[in-house]
Structures are given as C-alpha cells and as structure tokens.
Amino acid sequence: MHVWTHDRWRFPLPESHNFPIEKYGLLRERMVAAGHEVHEAESVPWQWLEAVHDPELVRRIRTGNLSVREARGLGLPWSPELVERSRRSVAGTIAASRFALGVGLGMNLGGGTHHAGRSFARGYCVFNDVAIALSRLRADAAVKRALIVDCDVHQGDGTADLLGPDPDTFTLSLHGARNYPFQRIPSDLDVDIASGSGDDRYLQALHEALDFALPRADAEFAFYLAGADPWEGDRLGKLALTKTGLRARDELVLDRLRGDGIPVCVVLAGGYAEDVRDTVDINAATAAAVARRLC
Ligand SMILES: [Zn+2]
C-alpha cells in the first residue's frame, strides 16, 4: 500500500506536552516493516489554504501573528517549523485523496485536523486538511458530493464550520458527549456517546449513524477520521473502546463506504495514550484494515 507522512517535519514542543509528536515516526517504521511504501508530500501552496480558510487567518499563521487568545486556543507553540509541518500534513491528505480516487482507498499517516475552521485554528489543528483536500478534488472536477465520517472522540467543530453549510457535503461526527469542544458548531449529524461507553454501544450507534448518513450524503467520495482517542486508555478521551472494538469500527466504516463503491481517504486525527505505542498500535491496525481492502 502507498501511504503519506510528514513525520520528519518536527517542531519545538515543551516537554510533557500532550501532542504525540513521536507517534508519526514510529508509525512510519511500522509501515515500512509491514512492506508499505511511505511517501512524503510536497508543501501545500498558500493559495490552496486561502481558498478554504480566511486569508487573514492564513496570514496570521504564516507570519506568526496569532493573538494571545488564538495561540492559547491552538494549544501548540507557534514556530515556522509548525507551519511547514501543517502544510505538509494537508498535502499528504490531498495526495492520499487523489490516490483513493484511482484505487478506492488512500491513507495519510496524519491529518484529521478537524478543529480548524474558516477563521479559527484551535485544538492542535492549524489547517483543516479534509476541507482543503475536498476543495482540491472539486477544483480538479473529480468530485462534487462528499461524506465526512469523523470518529475521533472529539466533535468535528471546524469541519462543521467549513462544510456544514455546504449542501453537497454531509458531515457526520461521532464523539464523546463530555469531550472537547464544549461549545459546538453543529454537523449535519452529531452523535453524542455517553462517557464510559464501550464497544457494543459505540458500534451500534455507528451502524445507525451510517444508515442515516449514507443515503442522505449520496457521496462520490468520503473522508474517514480514524481517531485513536476513543480507546479506553486514552488520556483525553472519555470513551472506553478496546483495541478490538476500534478495529471493528474501522472495518465497519470501510466496508459500508466501499460496499457503496465510495472511494475513501483515511486520516489519523487524535490519539493520546499514556504510552504512545498504544496509539501507534491502533493507527497501524487501521492501516492494516485499509491494506486488506486494497488487495
Ligand atoms: Zn481527538
């Protein structure tokens, strides 16, 4: 399988910060060991970012002029390296999307930065890779109608801000009811899952949500945010899925979408296990589920 990464573009972080920067390199190693081909995308042009985000926000990010409040909301210290990495992450989702159009499935070992909206960057999310990739597929006249299946434990408020009003996109977010963000921007379908919910409740809710979303979306393309943070050991997530449950989740989403013939681009989104190797296990299992469906 071909996958994309931006793991070599690191940025300075204070020690003991929650952002799992180590997971990206570890995941690359796992992919190489499994025989996958790992690609590095180019940096995305500024105009492609400005086509989706407020150009003033893009300018503040580019020049390091976020307000104190914006910087606090982002939760990552600004640096030129952070900006470059974020542009590479977006480019990986664009490349994986274009690849998925050809063979049915593509994966970026990053992205899923769903808290970035039109004029805000927050919750560790600088640019909204999925909204930007969709805008490129549309610019290529490859796709019109799209479905976003967001299974990160946090609600996809930035994606809802950007794509909720778009009549040709259906945004579905399944998330912990008591997780960030606490003030939400509504998706086309938001499913709140009670704290402590395990595999069975989650998978049942996901089944029902897909039953609702698929016919309404009538999608030609889908993005799947396979967040690792609904896992029971996650430090930020309040759900209690097992690794087996997360694997069943991935298979359910991929099989429902591919069963309808919809090409899917898979992105990682969050994951904050105490031991980063647990997050990497979950992400690697998602990649394995994608790879099995490409054979
Ligand atoms: Zn998350």
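Because the structure is predicted, anything quoted here is derived from the model rather than measured.

**Some points on the nonpolar core**
Here is step 1 of the chain: In this structure, Leu 147, Val 149, Leu 172, Tyr 202, Phe 223, Tyr 224 and Leu 257 are the most contacted members of the largest nonpolar core, which totals 97 residues.
Here is step 2 of the chain: Top contributing element to this core by residue count: helix 8 (residues 199–217), with nine residues.
Here is step 3 of the chain: Apart from the residues within four sequence positions on either side, Leu 147 is in contact with Phe 170, Ala 213, Leu 214, Ala 217, Ala 219, Phe 221, Ala 222, Phe 223 and Leu 257.

**Let's talk about the state of the cysteines**
Here is step 1 of the chain: Taken as a whole and assessed by the stated rule, the structure comprises zero disulfides.
Here is step 2 of the chain: Of all cysteine sulfurs in the structure, the one in Cys 265 sits closest to Cys 125, which takes part in no disulfide; the separation is 16 Å.
Here is step 3 of the chain: Here Cys 125 falls in the buried class, since its relative accessible area comes to 4%.
Here is step 4 of the chain: Sulfur of Cys 151: no disulfide; nearest cysteine sulfur belongs to Cys 265 and is 14 Å away.
Here is step 5 of the chain: Here Cys 151 falls in the buried class, since its relative accessible area comes to 1%.

**So, the packing of helix 1 (residues 22–33) against helix 10 (residues 276–292)**
Here is step 1 of the chain: Between helix 1 and helix 10, whose axes approach to 9 Å, the crossing angle comes to 45°. Regarding the angle of helix 1 to helix 10, the classification is oblique. Remark: the crossing between helix 1 and helix 10 carries right-handed chirality. Listed contacts from helix 10 to Glu 22, Lys 23, Leu 26, Leu 27, Arg 30 and Met 31 of helix 1 are Val 276, Thr 279, Val 280, Asp 281, Asn 283, Ala 284 and Ala 287.
Here is step 2 of the chain: A per-class count over the contact of helix 1 with helix 10 returns seven nonpolar, two polar and four charged.

**Describing the pattern of salt bridges**
Here is step 1 of the chain: Inspection of every chain in the model, using the stated rule, returns 21 salt bridges.
Here is step 2 of the chain: Between Arg 10 and Glu 22 there is a salt bridge, with its nearest N and O atoms 2.9 Å apart. Of this pair, Arg 10 sits in the loop between strand 1 (2–5) and helix 1 while Glu 22 sits in helix 1, and the two are twelve residues apart along the sequence.
Here is step 3 of the chain: With relative accessibility at 42%, the residue Arg 10 sits in the partly exposed group.
Here is step 4 of the chain: The network of salt bridges with shared partners includes Asp 7, Arg 8, Arg 28 and Glu 40.

Basis of the calculations
Residues numbered from 1 in each chain as written. Predicted model: local features only at pLDDT ≥ 70, side-chain atom pairs only at ≥ 80, totals over all residues. Heavy atoms only, no water. Core = buried A, V, L, I, M, F, W, Y, C linked by side-chain atoms within 4.5 Å. Buried < 20%, exposed > 50% of the residue type's maximum accessible area, 1.4 Å probe, protein only. Helix = DSSP H or I, 4+ residues; strand = E, 2+ residues; numbered from the N terminus. Contact = heavy atoms within 4.5 Å. Disulfide = S-S within 2.5 Å. Axes fitted to C-alpha atoms, helices over the stretch in contact; angles between N-to-C directions. Parallel < 35°, antiparallel > 145°, perpendicular 65-115°, else oblique. Left-handed = near helix turned anticlockwise from the far one by under 90°. Nonpolar A, V, L, I, M, F, W, Y, C, P; charged D, E, K, R; others polar. Salt bridge = Lys/Arg side-chain N within 4 Å of Asp/Glu carboxyl O.

The values reported here are purely geometric and, on their own, carry no functional implication.
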